[in-house]
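Each chain, written out:
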Amino acid sequence: GFLSLLTHTLNEMLRAGNFVKRKKGSYRKQGDSEFTETWREFEKRFGIDFFEVNKGLVAFIEPLRHARNKIVHNGGEAHTAKHVDDIALEAGEEGYFDLSFSKAYPQFVDGEGFPAHIRITDEHLNAAIDSAIKLVQWVSEQLRAKELEADRAERQGQNHLP
């Protein structure tokens, strides 16, 4: 629910940025997450960079998004069983289970082997909330600066922003 609220908030900010026209459908690429699409729209419309310069502001999102997806799509199982054609019994646990999530995000895994499950603690959520507040504040400051820049350019009869 938290990530949905953050997505909604960022999308509302994009809609409020009506001083730069929105080009429907031009920010999506096949396979992108909703957040990657959002970062791309901020970049293309306003020149606000989330990919390189400000990656640290959004670093908390992907691990949490992957944890959410594991909860929603795999019932919270951290280690899903591999397809029968992909099982390699001689490789032990790693030959039977997909351990990629627990290797990438061990902070969200409680337990080992088959019973391991995703666990998002209050500490995880509180840290994410703090990061989201910083992110939204930073984005609002950036958008306001771009809006003022566009307003000045319009008053001077100049072309502005991407």
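The structure we're discussing is the one just above.
The following refers to the structure shown. (Residues numbered from 1 in each chain as written. Predicted model: local features only at pLDDT ≥ 70, side-chain atom pairs only at ≥ 80, totals over all residues. Heavy atoms only, no water.)

1. Here's the deal with the overall build of the chain
- A count of helices and strands for the chain gives 7 helices and 4 strands.
- In sequence order, the secondary structure elements of the chain are arranged as α-α-α-α-β-α-β-α-β-β-α.
- Counting over 162 residues, the chain shows a buried share of 36%.
- A separation threshold of at least 6 residues defines the contact pool for the chain, and within that pool the share at least 24 residues apart is 59%.
- Approximately 10,000 Å² of the chain is accessible, and the part contributed by carbon and sulfur atoms is 50%. (Helix = DSSP H or I, 4+ residues; strand = E, 2+ residues; numbered from the N terminus. Buried < 20%, exposed > 50% of the residue type's maximum accessible area, 1.4 Å probe, protein only. Contact = heavy atoms within 4.5 Å. Areas by Shrake-Rupley, 256 points an atom, 1.4 Å probe, with all protein chains shown as cover.)

2. Some remarks on the nonpolar core
- Among the nonpolar cores identified, the biggest contains 32 residues, and Leu 10, Phe 42, Phe 50, Leu 135 and Val 139 are the most heavily contacted of them.
- Sorting the residues of this core by element identifies helix 1 (2-16), helix 2 (34-46), helix 4 (61-74) and helix 7 (122-155) as the ones contributing at least two each.
- With 7 residues, the top contributor of residues to this core is helix 7.
- If near-sequence neighbours (up to four positions away) are discounted, Phe 42 is found in contact with Leu 10, Met 13, Leu 14, Gly 47, Ile 48, Phe 50, Val 139 and Leu 143. (Core = buried A, V, L, I, M, F, W, Y, C linked by side-chain atoms within 4.5 Å.)

3. Some thoughts on the pattern of salt bridges
- Evaluated as defined, the whole model comprises 9 salt bridges.
- Residue Arg 28 pairs with Glu 37 through a salt bridge whose shortest N-O separation is 2.7 Å.
- One salt bridge connects Arg 155 with Asp 151, and the closest N-O pair in it is separated by 3.0 Å. Here Arg 155 and its partner Asp 151 are both found in helix 7, 4 residues apart, which amounts to about one turn of the helix.
- Arg 155 gets classed as exposed once you look at its relative accessible area, which sits at 61%.
- A residue is classified by how much of its surface remains accessible, and Asp 151, at 37% relative accessible area, is partly exposed.
- One connected set of salt bridges, linked through shared partners, spans Arg 22, Glu 41 and Arg 45. (Salt bridge = Lys/Arg side-chain N within 4 Å of Asp/Glu carboxyl O.)

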